[in-house]
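Structural overview
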Amino acid sequence: MKSQLTTLCYIEKNGCYLMLHRVTKKNDINHDKWIGVGGHFEPGESPDDCLLREVREETGLLLTEYRFRGIVTFISDDDEAEYMHLFTATAFSGEMIECDEGNLEWYPINKIGELELWAGDKIFFRLLRENAPFFSLKLVYKRGVLVQAVLDGRNLDVRC
């Protein structure tokens, strides 16, 4: 089975993250969820290349200060494995544009948990909030439910 390489970035400004409410695309696995901005690697791209291109395409912004925070491995039923390169950014230039994948909104970081998120996203938001060192997080989903999370080789309790 093939795998996917992706990037995801949470851009910070004034105590808020730029969040993308995925409401536009039909048959979108992320439909109605709130996520960061990013996407799939194109041939020959590094994680940084993909990050900068995807952020520019989805937001119109050019990142000028960003940090590679970790690798998140997603395993889900019969889908391809996804290896997401997670970034945060604290500086950018340019003017925001409308995103064809959903609605962009600055949302207070301390209230992110109120949004419709994937269960695993709550784990990496906690790691970002705690300023954890570079991490490897494996998230296993069955029919959309998080059944296993492994952080740097250690199982986490995923029961609600």
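Scope of this entry: the structure provided in the associated data block. (Residues numbered from 1 in each chain as written. Predicted model: local features only at pLDDT ≥ 70, side-chain atom pairs only at ≥ 80, totals over all residues. Heavy atoms only, no water.)

A tally of regular secondary structure across the chain gives two helices and 10 strands. Over its C-alpha trace the chain gives a radius of gyration of 15 Å, about what one expects of a compact globule, namely 15 Å for 160 residues. Dimensions along the principal axes, computed over C-alpha positions, put the chain at roughly 40 × 35 × 30 Å. Per-residue burial over the chain gives 46% buried out of 160 residues. Excluding contacts between residues fewer than 6 apart, the proportion of contacts in the chain whose partners are at least 24 apart in sequence is 65%. (Helix = DSSP H or I, 4+ residues; strand = E, 2+ residues; numbered from the N terminus. Rg over C-alpha atoms; globule rule 2.2 N^0.38 Å. Buried < 20%, exposed > 50% of the residue type's maximum accessible area, 1.4 Å probe, protein only. Contact = heavy atoms within 4.5 Å.)

Right, let's talk about the pattern of salt bridges for a bit. Here the structure, examined in full by the defined rule, presents six salt bridges. One salt bridge connects Glu42 with Arg53, and the closest N-O pair in it is separated by 3.5 Å. Linking Glu42 in the loop between strand E4 (37-40) and helix H1 (47-59) with Arg53 in helix H1, this pair joins segments that are 11 residues apart in sequence. Assessed through its relative accessible area of 41%, Glu42 is described here as partly exposed. (Salt bridge = Lys/Arg side-chain N within 4 Å of Asp/Glu carboxyl O.)

All right, on to helix H2 (residues 119-129) then. Taken together, the buried positions of H2 are occupied by Gly120, Asp121, Ile123, Phe124, Phe125, Leu127 and Leu128. Asn131, located one to two residues past H2, shows a positive phi value of around 55 degrees.

Bringing unusual backbone geometry into the picture now. In this structure, Asn14 is a non-glycine residue whose phi angle is positive, near 50 degrees. Along the polypeptide, Asn14 turns up in the loop between strand E1 (3-13) and strand E2 (16-21). Among the residues examined, Asn14 registers a relative accessible area of 73% and is labelled exposed. One non-glycine residue, Asp152, lies in the positive phi region at around 45 degrees. Structurally, the position occupied by Asp152 is in the loop between strand E9 (145-151) and strand E10 (154-156).

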